Each structure stands twice: as structure tokens, then as C-alpha cells.
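# A closer look at the structure
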Amino acid sequence: MRYILCAALLCSWLGAQDKASAPPLSPREDRIFYVNGIDYHFLSGTNYTVVVAAHSVANRKFLGVKVRILNNGQHSVTVRPEDVRVEDAVAGREVATISAAELANKMRRPYNWSRYAVSAAAGPAPAAGDLETADQQHSDLMRAMRQMAGQMDNAPPVLSTRSFTETDGEPDSAIAPQAMLSDEVSHLRRKEASRPDVLMQLQRQVSPDYVERTSFLANTIPPRADVDGVFYYPMGKLARNPAAAKKAAKSRMVRVTVPVGEENFQFMLAVE
């Protein structure tokens, strides 16, 4: 009996050590809301809220994972793309990301146009003139910002040129800790629906520059602000659930882990 008791205590101690070494996950289960038929999962921790959605893009050749991080705390937090992990939940392995710049370069190659182009049935394609105008405006803006940054020698380094969500010039208000779940869902859904849905746009004919502009970049998020962007992964690297039909939608599953500050947020998403 003494040996059995000692063995039980040893197993309990080893289990406690494993739990202590693992980063803590958000204690709440993720919730879901829908925008344009795409399911958005979200989790709220002590200081941050993370919203995640996934869908096939670029003629179903790649998986786009959109991540939005809201800072509800009192201090700024820095988030880097390399900290976000996506795992194939069916095969049980991590999936390597493809950078937006690399994907954009693939799209620019003439022999890939037919592979990554989206058929007209998926939705109306933006006019070529509109894309060129938007890209030119964006290039001019980036050039002006780089020139301004070069003149500010004493300014702190900027990790990203993306803007934070703002309302009338003021940072977006955070959800109060005592808010009801329905209030939080309404707040997050309104935020996602207030602008053109990136995942919906990426299912249509878009320019390579659009792919680069909407990617998730390293950024420091001040209090009451948020950032968002898209990660890209090859769809061919994801295994199908053997229990599902061969061509069934959402036959692939991914596990997305987003570390923010000292909190980890983990989601299970079906891929369509």
C-alpha cells in the first residue's frame, strides 16, 4: 500500500510539473458569430479578446486565417506573426505558413494566373482600373510615410504601417468586463461587418498587392485598440478527415493558437 501511495503522489507531482510548464490557455470556451456566411470564433481573456476565422482562398489553393486582436487592458502589447501557430488537427502536425509576399509573387507569375484566379461564379471581379488606382494610392501613401519616418530620427521604431481601428479619431472603446455575452457578440460582429470582409474578398479576383496589404504584420497594440490581418497556408498540406466524404466541405480541421501577452488563445476551426 505504501508503494502504491508513493507512486500515486509521484504521478500527481509530474502532472503538476507538466501543467506548470505549459502556457495557460484561456479558461472560456470559444463562441461563434457569423458574417457573410463565415463563422468567426472568439475568446476573451483577462486583458485581450481574439477573433479568428478561416476559409479557402486563391481558387482554394491556400487557407486564409484571419486574426483580430483587441487590447482591453491598460498597457500596450506587442504581437508578432511568428508567434501564431496553425496545426493540422487531423494529421496532428504544425503547418508552415507562406508569407503574403511569397504568395503575391506566385500570383504575379503568368503561368500561375489560371491556378490562383477565381472564376466569375465566385463573385464579380474588381475593375482593373479600380485596382490600379487603389494600388497607386497605397504606394504613394507608403512612400510619404517612409519619408516622414526618415525625418524623425528620435522617434521610436514603428513595427507596422497598418492603422489601428479608430472611431472619429478616438481609439475604439473596449468591452466592459461586466458586459453581457450578447453585448460582446454585437460589438465584435459590428466591428467585423463595418468594413469589407477580407476573407470574402480573397475568394474573388484580387491583386497581389491586396494580398500583401491585408496580411498580419508585427504590431504594438495600445490600450482600447485592435489590429487584424490574414495568415496564409497551403491547402494541399492539410489532411482530410477520413470519416468525412471525399469532397465534403469542412472535411479539414485546424487548431489555431494565438499568444498575446501572457495569455494563450486556442481555437478549433473547420476549413471550407
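Source: prediction; values computed, not measured. (Residues numbered from 1 in each chain as written. Predicted model: local features only at pLDDT ≥ 70, side-chain atom pairs only at ≥ 80, totals over all residues. Heavy atoms only, no water.)

### Structural notes on the packing of aromatic side chains
For the structure on display, the rule yields 3 aromatic pairs. Ring geometry for Phe33 versus Tyr40: centroids 5.5 Å apart, planes at 5 degrees, classification stacked. On the basis of relative accessible area, Phe33 is assigned to the buried category, the value being 3%. Classification of Tyr40 as buried rests on a relative accessible area of 1%. (Phe/Tyr/Trp six-rings, centres within 6.5 Å; stacked < 30°, edge-to-face > 60°. Buried < 20%, exposed > 50% of the residue type's maximum accessible area, 1.4 Å probe, protein only.)

### A closer look at the sheet that holds strand β2 (residues 38-44)
With antiparallel pairing, 5 strands are arranged side by side in an open sheet as β1-β2-β3-β4-β11. Each having just a single partner strand, β1 (31-35) and β11 (226-234) make up the two edges of the open sheet. Ignoring strand direction, the axes of neighbouring strands in this sheet form an average angle of 25 degrees. Pairing analysis gives 5 bridges linking β1 to β2, with the strands arranged antiparallel. Across the sheet, Arg31 pairs through a bridge with Phe42, a residue of β2. (Pairing = 2+ DSSP bridges. Helix = DSSP H or I, 4+ residues; strand = E, 2+ residues; numbered from the N terminus. Axes fitted to C-alpha atoms, helices over the stretch in contact; angles between N-to-C directions.)

### Focus: the pattern of salt bridges
The full count for this structure, using the stated rule, is 7 salt bridges. Here Lys66 makes a salt bridge to Glu192, at a shortest N to O gap of 2.7 Å. With Lys66 in strand β4 (residues 62-71) and Glu192 in helix α5 (residues 181-193), this pair connects stretches of sequence that are 126 residues apart. With a closest N to O distance of 3.3 Å, Asp226 and Lys191 form a salt bridge. Remark: Lys191 occurs in helix α5 and Asp226 occurs in strand β11; sequence separation between them is 35 residues. One continuous salt-bridge network, built from bridges that share partners, spans Lys66, Arg68, Lys191, Glu192, Asp226 and Asp228. (Salt bridge = Lys/Arg side-chain N within 4 Å of Asp/Glu carboxyl O.)

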